[in-house]
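So the chains spell out like this:
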Amino acid sequence: MWTILQKITKNLIVAIPIMMIAGFLFGMAFNPPWLKSLIVPFTFLMVYPMMVTLKIKKVFEGGDTKAQFLTQLINFGIVPFVAYGFGLYFFSDKPYMALGLLLAGLVPTSGMTISWTGFAKGNMSAAVKMTVVGLIAGSLLTPFFVKMLLGTSIEINLLAVFKQIVFIVFLPMILGFITQRVLVRRYGQEDFQKYIGPKFPTLSTLGVLGIVFVALALKAKTIASAPEVLLSILVPLLVLYMFNFILSTLIGKSFLPRGDAIALVYGSVMRNLSIALAIAINAFGPQGSDAALVIAVAYVIQVQSAAWYVRFTDKIFGDNKAVKLACQNG
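A brief report on the enclosed structure follows. (Residues numbered from 1 in each chain as written. Predicted model: local features only at pLDDT ≥ 70, side-chain atom pairs only at ≥ 80, totals over all residues. Heavy atoms only, no water.)

1. Things to note about the overall build of the protein chain
The condition is simple: By the criteria applied, helices consist of DSSP H or I runs no shorter than four residues and strands consist of E runs no shorter than two, each listed in order from the N terminus. The globule rule is 2.2 Å times the number of residues to the power 0.38, and the radius of gyration it is compared with is taken over C-alpha atoms. Throughout, exposure labels follow a simple rule: accessible area from a 1.4 Å probe, protein chains only, divided by the maximum for the residue type, with under 20% read as buried, over 50% as exposed, and the rest as partly exposed. We call two residues in contact when some of their heavy atoms are within 4.5 Å. For the purpose of counting charges, residues Lys and Arg are taken to be positive, whereas Asp and Glu are taken to be negative. His and the chain ends are not included. Where a charge lies is defined by one atom per residue type, namely NZ (Lys), CZ (Arg), CG (Asp) and CD (Glu).
Each helix and strand counted, the protein chain has 15 helices and zero strands in total. Radius of gyration (C-alpha) of the protein chain: 19 Å, near the 20 Å computed for a compact globule of 330 residues. If you line up the protein chain on its principal axes, its C-alpha atoms span 65 × 45 × 35 Å. Out of the 330 residues in the protein chain, the part that is buried amounts to 51%. By sequence separation, contacts in the protein chain at least 24 residues apart represent 83% of the contacts at least 6 residues apart. The distance from the centre of the 26 positive side-chain charges to the centre of the 11 negative ones in the protein chain is 5 Å.

Here you go:
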């Protein structure tokens, strides 16, 4: 079972589109409203496992202050406002799709931030810290950003959104930390990191695929009646991710060493779409499914673009071996 889940996790590029198609076909063939009862368990399955491996202590380690500052400046000072602007332009008459675009640009970093940074030979320690800081800050700030930017367009119950974030993020975070401490005490830090911890993120994959399936099933008939809606979602997402990649790359190359620059790119471009999706579908009622559809499509773009960016990392930032050799000779 673990082998199959690991293969699926490594091939989200294929798995997510397949699950989107499956959800669409299910929604067309059956009456899907009962699937809403699966949202809460899928949400917990999506978020809790990745919290078990979260290294909260990394936040208090120093050494990469500039990279951390620049990353969070991009995450909270630039990208949410750009996403909001794109939402106004592309979804002027669809406020809940604009909400989906905003949420896709609001909650930074996921477990994939660390994974992709590792694949690209970036600073893993910096990526871990970015993940923890971005997750906590994004969860706390999201209700305020949504209220401030879209409060006049859609009805937002700030307390309800906060309650969902406590349930979606902070409760699993506490339970995940307790689980981590129990497992480390029982099996030791080394065995936990090598054998036990790596199994948990693969469980999150099941939650992600389940939520994507539900989101597409609930919107299947809407998409079938107006298939151009997918294209209208795809274009602003492509523009948003392209902007984010270019901005992060330029800032990273201009101000940071190679390893930190790579961590900054993945620490700012990789959004926590799992939490964004859970907020959209849990906190905004039936109309939240419009926002969820936008975020489900964002999964496809995010995974594909991250994989392609790894291939061009050496061309953008220089070959890692060459950088090491230059440092030794210098």
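2. Notes on the environment of Val166
The topology assignment puts Val166 in helix α8 (residues 158-187). Residue Val166 is classed as partly exposed on the basis of its relative accessible area of 46%.

3. Some thoughts on the nonpolar core
Counted only if it meets this: Side-chain atoms within 4.5 Å are what join buried Ala, Val, Leu, Ile, Met, Phe, Trp, Tyr and Cys residues into a set we call a nonpolar core.
If you look at the biggest cluster of nonpolar residues, it comprises 100 residues, and the most contacted ones within it are Leu99, Leu103, Ile233, Leu237, Ile275 and Phe284. Ranked by residue count, the leading element in this core is helix α14 (residues 288-317), at 15 residues. Ignoring any residue separated from it by four or fewer positions in sequence, one finds Ile275 in contact with Val47, Met50, Val107, Leu135, Ile168 and Val169. With nine residues, the next largest nonpolar core counts Val52, Leu183, Val184 and Leu203 among its residues.

4. Points about the pattern of salt bridges
Definition in use: Whenever a carboxyl oxygen of Asp or Glu lies within 4 Å of a side-chain nitrogen of Lys or Arg, that contact is scored as a salt bridge.
All told, the structure shown has four salt bridges when counted by the stated rule. Taking the shortest distance from any N to any O, the salt bridge between Lys94 and Asp93 comes out at 3.7 Å. Between Lys194 and Glu190 there is a salt bridge, with the nearest N and O atoms lying 3.3 Å from each other. Within this pair, Lys194 and its partner Glu190 are both found in helix α9 (residues 189-196), separated by four residues, close to a single helical turn. For Lys194, a relative accessible area of 51% gives the class exposed. According to the relative accessible area criterion, Glu190 is exposed, its value standing at 52%.

Limitation: the analysis is restricted to geometry and does not speak to function.
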